[in-house]
Amino acid sequence: MALLPILRYPDPRLHKVATPVIAFDAALRTLIADMAETMYEAPGVGLAASQVDVHQQLLVIDITDAKDQLQVFINPVITWASEEREVYDEGCLSVPGIYDGVERAARVKVKAQDASGSFFEVEADGLLAVCIQHEMDHLLGKVFVEYLSPLKRNRIKAKMVKETRGLEREAALKAAGRRY
């Protein structure tokens, strides 16, 4: 297993639409394991393949405190969403340190495939429903900050660009053997 680099907003690759998974093979199982390790290490409760620059319809989610109930959703489709809406404070591994309220369906039904290609359906509410919808947005090339006002979104974008430049500078200095 290996930790994968997570794309940071506003990286344009986060807006690429994912394609369906067609090969349910050892490479897919390795990707799932690497994504799970990356999500747990980050730490997060969900990760879409798009966030690690693999533009296939794949999500890993674990909302448990013990981090021992990994759920894998391949080629997920929401088959039903409640009319009832709820606002949750969301964060994102691609937008570290930023949290804000996003309104989503309170309950959803999702049809997906597992790592072997078998179909299953899940009905979710609460945090799991929010997480599924959030991660599925990534597969469509959408980041949660796009639900926020243009003013908030622009402030977040400026902050992320500034932080990314700082991280790149630190990495360059470290590579050159300099202390920072």
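Higher on the page you've got the structure.
Remember, predicted model here, so these are calculated numbers, not experimental data.

What counts as what
Residues numbered from 1 in each chain as written. Predicted model: local features only at pLDDT ≥ 70, side-chain atom pairs only at ≥ 80, totals over all residues. Heavy atoms only, no water. Core = buried A, V, L, I, M, F, W, Y, C linked by side-chain atoms within 4.5 Å. Buried < 20%, exposed > 50% of the residue type's maximum accessible area, 1.4 Å probe, protein only. Helix = DSSP H or I, 4+ residues; strand = E, 2+ residues; numbered from the N terminus. Contact = heavy atoms within 4.5 Å. 1 Å grid on protein atoms, 1.4 Å probe; cavity = no way out; pocket = protein on both sides within 12 Å on 5 of 7 lines; lining within 4 Å. Points joined across faces, edges and corners; volume = space filled by probe spheres on them. Nonpolar A, V, L, I, M, F, W, Y, C, P; charged D, E, K, R; others polar. Expected span 1.5 Å × (residues − 1).

*Asks:* Before we go on, may I ask you to explain the nonpolar core in this structure?
*Replies:* Where a protein is soluble and globular, its nonpolar side chains tend to be buried together. In terms of nonpolar packing, the biggest core is built from 17 residues, with L59, I61, F73, V108, A124, L128 and I132 touching the most fellow members. Put simply, the parts of the chain that give this core at least two residues each are β2 (58–61), β6 (107–113), β7 (119–125) and α2 (126–139). It is α2 that contributes the most residues to this core, six residues altogether. Those residues in contact with V108 that sit more than four places away from it in its chain are I78, W80, A81, V122, E123, A124, A129 and Q133. The next biggest cluster of nonpolar side chains, apart from the first, holds 14 residues, and it includes V21, L28, L31 and L58.

*Asks:* Help me understand the environment of I6, please; the structure alone is not making it clear to me.
*Replies:* The residue I6 is located in the segment before α1 (26–41) in this model. Residues I6 and L47, 41 residues apart in the sequence, show an inter-C-alpha distance of 9.2 Å. Residues within four places of I6 in sequence aside, it is in contact with T38, A42, L47, Q51, V52, L93 and S94.

*Asks:* Just checking my understanding: could you explain the layout of surface pockets for this structure?
*Replies:* Volume-wise, the largest pocket comes out at about 460 Å³. Residue lining of the largest pocket: 23 residues in total, with P43, G44, G91, C92 and L93 positioned closest to the centre. If you list the elements that add at least two residues to the lining of the largest pocket, you get β4 (85–92), β5 (95–105) and α2. Residues that form the lining of the largest pocket fall into these classes: 14 nonpolar, six polar and three charged.

*Asks:* Is there a simple way to explain helix α3 (residues 150–175) in this structure?
*Replies:* For the α-helix, the turn length of 3.6 residues means that residues three or four positions removed from each other point alike. With 26 residues, α3 should reach 38 Å at 1.5 Å per residue; the first-to-last C-alpha distance of 37 Å fits that figure. Turning to α3, its buried residues number three or more, namely I156, M160 and L173. Where α3 is buried, its residues touch β5. Two residues or fewer after α3 comes G177, characterised by a positive phi angle close to 80°.

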